[in-house]
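Here's the letter readout for the chains.
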There are 4 protein chains.
Amino acid sequence: MSGNSLGKLFCVTSFGESHGPAIGCVVDGCPPGMPISTQEIQVELDRRKPGTSRHVTQRREPDEVEILSGVFEGVTTGTPIALLIRNQDQRSRDYGNIAETFRPGHADYAYWQKYGIRDHRGGGRSSARETAVRVAAGAIARKWLNQQYGVVIRGFMSQLGPIEIPFVDWDEVGRNPFFAPNASIVPALEDYMDELRKSGDSVGARIDVVASGVPVGWGEPVYDRLDADIAYAMMGINAVKGVEIGAGFSSVAQRGTEHSDEMTPEGFLSNNAGGVLGGISTGQDILVSMAVKPTSSIRLDRRSIDKQGDAVVINTHGRHDPCVGIRATPIAEAMLAIVLMDHALRHRAQCGDVSCATPKLARLAPSGVQRVPAPPR
Amino acid sequence: MSGNSLGKLFCVTSFGESHGPAIGCVVDGCPPGMPISTQEIQVELDRRKPGTSRHVTQRREPDEVEILSGVFEGVTTGTPIALLIRNQDQRSRDYGNIAETFRPGHADYAYWQKYGIRDHRGGGRSSARETAVRVAAGAIARKWLNQQYGVVIRGFMSQLGPIEIPFVDWDEVGRNPFFAPNASIVPALEDYMDELRKSGDSVGARIDVVASGVPVGWGEPVYDRLDADIAYAMMGINAVKGVEIGAGFSSVAQRGTEHSDEMTPEGFLSNNAGGVLGGISTGQDILVSMAVKPTSSIRLDRRSIDKQGDAVVINTHGRHDPCVGIRATPIAEAMLAIVLMDHALRHRAQCGDVSCATPKLARLAPSGVQRVPAPPR
Amino acid sequence: MSGNSLGKLFCVTSFGESHGPAIGCVVDGCPPGMPISTQEIQVELDRRKPGTSRHVTQRREPDEVEILSGVFEGVTTGTPIALLIRNQDQRSRDYGNIAETFRPGHADYAYWQKYGIRDHRGGGRSSARETAVRVAAGAIARKWLNQQYGVVIRGFMSQLGPIEIPFVDWDEVGRNPFFAPNASIVPALEDYMDELRKSGDSVGARIDVVASGVPVGWGEPVYDRLDADIAYAMMGINAVKGVEIGAGFSSVAQRGTEHSDEMTPEGFLSNNAGGVLGGISTGQDILVSMAVKPTSSIRLDRRSIDKQGDAVVINTHGRHDPCVGIRATPIAEAMLAIVLMDHALRHRAQCGDVSCATPKLARLAPSGVQRVPAPPR
Amino acid sequence: MSGNSLGKLFCVTSFGESHGPAIGCVVDGCPPGMPISTQEIQVELDRRKPGTSRHVTQRREPDEVEILSGVFEGVTTGTPIALLIRNQDQRSRDYGNIAETFRPGHADYAYWQKYGIRDHRGGGRSSARETAVRVAAGAIARKWLNQQYGVVIRGFMSQLGPIEIPFVDWDEVGRNPFFAPNASIVPALEDYMDELRKSGDSVGARIDVVASGVPVGWGEPVYDRLDADIAYAMMGINAVKGVEIGAGFSSVAQRGTEHSDEMTPEGFLSNNAGGVLGGISTGQDILVSMAVKPTSSIRLDRRSIDKQGDAVVINTHGRHDPCVGIRATPIAEAMLAIVLMDHALRHRAQCGDVSCATPKLARLAPSGVQRVPAPPR
């Protein structure tokens, strides 16, 4: 119920600051009896961790996760699963100059006004480092969703700054440091990032996430809609400024005949809805897209103020990602997994395990993994 | 905690179906001592109600609200405020033909799969009629926010189908049936809608909402961020497929030097953040934009299936809005008001009434009511 | 999440004041597909309603319930069920003299200090009249629990003031106005009440509630234990000052060999635990006992103060129950039903519908409907 | 919202098993700006920790707490405070014999039926060891309550098995291992416990807790009443079977003239209400009493069953408290502190910091620290 908890039945409570002793979370509500190991969680953490290419922050954080509770002899017990990640590379001196000033585009000023105090080291609580615990918790959710229902959750970068990245295939996503689903565009991305890094500036990105195999019927019709909770989760990722489901903002200029997905006995004919109608999953792929703003911490001079309200010029020379979007794909996947798992449990609570409707309609197959039609951006 | 409740401390629990006896809600957590009358709530309801122009549904619903509790001698007592709106115009026969089939783009199929049963009359619970209670509850929130903090919440239509609507001034918004902030474009909108209605098709829209006067410091840094809760609330409005805060999806192609809003002792120099940094309000205007999809119920033939899974052709001849976006502005305003009020109370709980920071920084004035820069759509 | 909501998945949100237009509630989270009628709810309401004997308040309230939503063609749809009870007998003049003073033992003073305002008519929100909506919501819960799992929830009065009421049989409970499970003691209760009423004083009571047929495994091990939530629900009934599970306060003087219920292949040999161990149901009867304090509103002179803090003498001549415990049995049953239903859904969410353990242990039968051993009061 | 979280605004999420790597909690919602140190938390933990006298378990657990987050330079930041206590003395072999059988009176059987799996080592999650984290979290709450409002929370043992312990003075409580407020009775308690330990049996206890200085107005009138939440918190402590507020079960036999606390300009004349009327604090002392059952793990032979449902004879030779009530006082204090802090924040959210009523009534002073009248037990 607190502001640092996510989910109602599969509930992740997060803690920790970038340069404190540790970050971590408590995952409450996980069903008992599922095998889970630190290795399985570590695999996901390693996809997000810093220092894996020259295009991301060079902070050295092994991000090694420890399971403190809730798993006995390799199997979940149904009690809270506490996950702990000790911080290793805490060069606080890098951040000494920001204690008295506010960085433009950063949470510094808002935190300080809210609390009257802040842990300024590396952004403290507002650091993207906190997202590691989401990835760890998400690893549990995606395993359960996959085991129980065959749900597969995958994301990719669909735009880096001005460069759109047409979807080609899923296999490529894991082969380049950008999570780009398109091998031919990777050199352009590399060049763009090298130049950007040299300039000292930063840039935004667009990330798409797709959940396949989600059963029809998850979600709630009003307020806690599946898409509303997804929007909440995605907008709750650091630096995200926009969220779309299915056709998203493209639907503004669409006509009803174009947007509404027709149904046939063989399935839906399109997926403008993005797999959600009336807040409830339709059995089609869940299609989510999000906008990640450019990193606020840049080397270039920016006008700002200090704690006394006086004008200062500020620049940030710590180890920062020039595009936070590059490491955002595993985070978006994790957030989607957590939301889906929460709704899986909520659905099971109210409606039971057995689907209510006739099997014939199960023929309504997902129409594919891509946004249909692709939004004309 | 239930799926039909919105907000944690200012908590709106909604009930009711389109063609049942009534719709309504319980507003819990409202501070005591605020004068409120049915008239004040009715004013907001009348802005949303059907039948006010030829461009919206001709259903005749006076939408008269009754206060059942929580107000004594014209003043809130701190106990739950129950609001009741009886349904009047329940021509169920209009909807008889949809009991056995599923309308494309509509929640029919998902409801039926989820619950194994549905009240099909007028969409039942999934009807946009439910949004009336949000407007009613929002009227309470916006009055309190205005009295207590001077917060003003206003929305407008910024795009109707393919027609962008440049912002001119707030006064115009209330003078035309589209909530368009631009008198010169209204004739074009009228023509477009007349033609659309004739064609039997429907279209989407974009709605922008702005909250001015929000104090710095509202929100939570992780998960329950102010912008995350706004995204949840907006995506929770029927037919919404996308939400942006500040620069939104435009931030994908922005550089850090362009996006991050510089600060001076006189205030922020831009508002790409849309008034929220790190999940916390900055004191600038809160800028929200949302995409409303085209109405799913149209007169034109569409392929679909029936409960047996067999192919059917369906069209809908009831009284439907050809563009649900036209009546969406008061709803979006209400949802933003409810979220802000909830966070106002949450902030007061944790941090007290008195702002923590020095007064000097209060000089950081909002940079204006419009999105800066306007997104290049 | 609000203070007027009860339950996490089966969630009852209550509203209304004693002498306002209406009381009612929204029941959210009820599974779809259950037949329910106003008649079935009315049966329970009639057990609690005033004016049924000379021993309770003579206020004339038919307490007729209207279902406003969530039920279609006689069956729950899974959407919120709103229940409305209009107030009929609102003789506000009876209460005019208490607007400026505070009644000893009543919530007047605390309300006024909390909110700075109160609806004093008939106690306003603090009136026991609000418990009608709990009974109405409880009727839905008990029907579902019975249909789904065969759970039976029954209560009785086990003590009236100084008179202990030994349990004889369930059938007698419905035959006398006291809910006493013992026909031979009823004349003594009648005499006691007649004398009490004449004296102008009031008295307390003890109510026991038993839930039979509760499956093993409901509850949560820490904090939201089944017994903790029961304690919360019972202490949340007006005038309740104490709650016991199983042996309750008798366990203070017990030894481990006496208290801990031994198990055999044929079942438990006693039920000191009251059907809950480690916060989780054991499959034995759930045994709950609660203390109801004497009515605060009495005809006799009492010292108090007025809003100016000056000394006054106050007595209350409205229509009040001389023993609020007499009508408390249906309320206690309803509260237990709501808590059990909530935990039934929570259990189903996390652990699924199918019991995990081997069938052999199902032989562990409940050891009986009575508290074993009966507490030496 | 999860079952392992306590409190809505001051929210404690607990994790950990008795013999896993660690136990701990996340405290979310603590106001910023309060100085807090591990030492201050350790003081409370040391009051509860095992091995401090021959009358409690001899398990050697230093219970050293580490603050992982939420405190910067010795001051709370408003972000989640994670507390970690590593388990040291994990002699799992002591518990090997219970993996296949169920101990009477213990949570074994219920856990296993619920989850189909359990961490049997030392009771796993159901171990009273988990209560250490409540004490740690409570230390934060009590400090804030005291700093902000002058609230003082103190508990004592009022009965050990058959021996009633008349209250004499607070100073004595900290001087004996029983938390008995009465020096003269301590030798009798020592003798009783020595004999009990020798016999291999266990015994129950009664614990009273008093909160002084609680401002008038905290609580909610319906459902989330202050006393309901206290009952939930106390019944949520391991081994508790009954909870009373104020006169508790004594109020059953009281008359209204006896029970209802009269008011004068100088204050209340008695405190049968236990400081709560209508679910809201009155400014009098909050008086809580709870029954702790005898320890279930005893050395004496008991009949039980194993996982196959076959009859076994079981006894427990690990290191167990012969009376878990002896160490329960700091836990009860902590739980009361957490509930009060939660309601302090909730009250501040809805009603603001400033009391609504006139100062004159502040004269209504608490009538003393003891239950008035003492319950005739």
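Residues numbered from 1 in each chain as written. Chains lettered and ligands numbered in written order. Predicted model: local features only at pLDDT ≥ 70, side-chain atom pairs only at ≥ 80, totals over all residues. Heavy atoms only, no water.

Details of the sheet that holds strand S7 (residues 81–86) of chain C
All names here are of chain C. As summarised here, the arrangement of the 5 strands in space is S1-S2-S3-S7-S4, forming an open sheet in which the pairing is antiparallel. Each having just a single partner strand, strand S1 (5–6) and strand S4 (65–67) make up the two edges of the open sheet. Here S4 runs beside S7; their pairing, made up of 3 bridges, is antiparallel. Along S7, the bridge assignment pairs Ile67 with Leu83. Sheet strands touched by helix H3 (residues 131–149): strand S2 (11–16), strand S3 (22–28) and S7. Its angle to S3, the strand with the most contacts, is close to 30 degrees. (Pairing = 2+ DSSP bridges. Helix = DSSP H or I, 4+ residues; strand = E, 2+ residues; numbered from the N terminus. Contact = heavy atoms within 4.5 Å. Axes fitted to C-alpha atoms, helices over the stretch in contact; angles between N-to-C directions.)

A word on the relation of the copies chain D and chain A
Mapping chain D onto chain A leaves a residual RMSD of 0.0 Å; the transformation is a rotation of 180 degrees accompanied by 0.0 Å of translation along its axis. What the superposition gives is, in effect, a two-fold axis relating one chain to the other. A symmetric contact is evident, with 100% of the interface residues of chain D recurring at the interface of chain A. (Least-squares fit on C-alpha atoms with pLDDT ≥ 70 in both.)

Details of the relation of the copies chain D and chain C
Mapping chain D onto chain C leaves a residual RMSD of 0.0 Å; the transformation is a rotation of 180 degrees accompanied by 0.0 Å of translation along its axis. Interface overlap between copies: 100% of the residues of chain D at the interface are likewise at the interface in chain C, consistent with a symmetric, same-surface contact.

Section: the interface of chain D and chain A
Between chain D and chain A, the residue contacts involve 40 residues of the former and 40 residues of the latter. When chain D packs against chain A, the two sides together hide about 3300 Å² of surface, and 66% of this comes from carbon and sulfur. Across the salt bridge formed by Arg86(D) and Glu66(A), the nearest N and O atoms sit 3.0 Å from each other. Looking at the side of chain D that touches chain A, the elements that each hand over two or more residues are strand S2 (11–16), strand S3 (22–28), strand S4 (65–67), strand S6 (75–76), strand S7 (81–86) and helix H2 (108–115) of chain D. Across the side of chain D that touches chain A, the residue classes tally to 17 nonpolar, 14 polar and 9 charged. (Buried area = accessible area lost by both parts, 1.4 Å probe. Salt bridge = Lys/Arg side-chain N within 4 Å of Asp/Glu carboxyl O. Nonpolar A, V, L, I, M, F, W, Y, C, P; charged D, E, K, R; others polar.)

Let's talk about the packing of aromatic side chains
All names here are of chain C. Overall, the coordinates contain 38 aromatic pairs over all chains when judged by the stated rule. With 5.1 Å between their ring centres and 80 degrees between their planes, Tyr149 and Trp218 make a pair best called edge-to-face. With Tyr149 in helix H3 and Trp218 in the loop between strand S10 (205–212) and helix H5 (226–235), this residue pair connects regions lying 69 residues apart in the sequence. On the accessibility criterion, Trp218 (2% relative accessible area) is buried. (Phe/Tyr/Trp six-rings, centres within 6.5 Å; stacked < 30°, edge-to-face > 60°. Buried < 20%, exposed > 50% of the residue type's maximum accessible area, 1.4 Å probe, protein only.)

What about the interface of chain D and chain C?
Contact residues are listed per partner, giving 122 residues for chain D and 122 residues for chain C. Counting each side, the surface lost to burial between chain D and chain C is near 9600 Å², with a carbon and sulfur contribution of 60%. Where chain D packs against chain C, one counts 4 salt bridges. For Glu262(C), the salt bridge is made with Arg302(D), and the minimal N-O distance between the two is 3.9 Å. Summed over the shared surface of chain D and chain C, the result is 41 residue pairs in polar contact (both at pLDDT 80 or more). For the side of chain D that touches chain C, the element with the highest residue contribution is H2(D), accounting for 7 residues. (Polar contact = N/O pair within 3.5 Å; in protein donor to acceptor, adjacent residues only side chain to side chain.)

Here's the deal with helix H4 (residues 186–199) of chain B
Residue and element names in this part refer to chain B. Here H4 spans 20 Å end to end across 14 residues, near enough to the 20 Å set by a 1.5 Å rise per residue. Those residues of H4 that sit buried are Val186, Leu189, Glu190, Tyr192, Met193, Asp194 and Leu196. Elements in contact with the buried residues of H4: strand S8 (152–160) and strand S9 (163–164). Directly after H4, the chain includes Gly200, whose backbone phi takes a positive value near 85 degrees. (Expected span 1.5 Å × (residues − 1).)

A word on the UniProt feature "binding site: NADP(+)" in chain A
Residue and element names in this part refer to chain A. Taking the UniProt record as the reference, the feature "binding site: NADP(+)" is found at Arg48 and Arg54. Relative to the elements of secondary structure, Arg48 occurs in helix H1 (residues 38–48). Ignoring sequence-local partners within four residues, the contact set of Arg48 consists of Asp63, Ala128, Arg129, Thr131, Ala132, Val135, Arg327, Pro330 and Ile331. Residue classification places Arg54 among the partly exposed positions, given a relative accessible area of 44%. (UniProt positions renumbered as here; feature names shortened; annotations may be inferred.)

Remarks on the packing of helix H7 (residues 328–351) of chain A against helix H7 (residues 328–351) of chain C
It is the contact of H7(A) with H7(C), at a shortest axis distance of 7 Å, that shows an interaxial angle of 135 degrees. Considering the angle they form, H7(A) stands oblique to H7(C). The two elements H7(A) and H7(C) meet at a crossing, and its hand is right-handed. Only Leu345(C), Arg348(C), Ala349(C), Gln350(C) and Cys351(C) of H7(C) make contact with H7(A), whose side of the interface consists of Leu345(A), Arg348(A), Ala349(A), Gln350(A) and Cys351(A). When grouped by side-chain class, the residues that make up the contact of H7(A) with H7(C) number 6 nonpolar, 2 polar and 2 charged. (Parallel < 35°, antiparallel > 145°, perpendicular 65-115°, else oblique. Left-handed = near helix turned anticlockwise from the far one by under 90°.)

Some points on the UniProt feature "binding site: FMN" in chain A
Residues and elements named next belong to chain A. The sites that UniProt annotates as "binding site: FMN" are Arg125, Ser126, Ser127, Asn238, Ala239, Gly278, Lys293, Pro294, Thr295, Ser296, Ser297 and Arg319. In three dimensions, the annotated residues from a span of 195 residues occupy distinct locations, with a maximal C-alpha spread of 43.9 Å. Discounting residues that sit within four places of it in the chain, Ala239 has contacts with Ala291, Val292, Lys293 and Val324. Note on placement: Ser296 falls in the loop between strand S16 (286–292) and strand S17 (302–305). At a separation of 2.7 Å, a polar atom in the side chain of Ser296 contacts the main-chain carbonyl oxygen of Gly105.

Details of H7(A)
Residues and elements named next belong to chain A. For H7, spanning 24 residues, the distance from its first C-alpha to its last is 34 Å, which sits close to the expected 34 Å at 1.5 Å a residue. With 24 of 24 residues buried, H7 is to be regarded as a mostly interior element. Immediately downstream of H7, the backbone of Gly352 shows phi near 80 degrees, a positive value.

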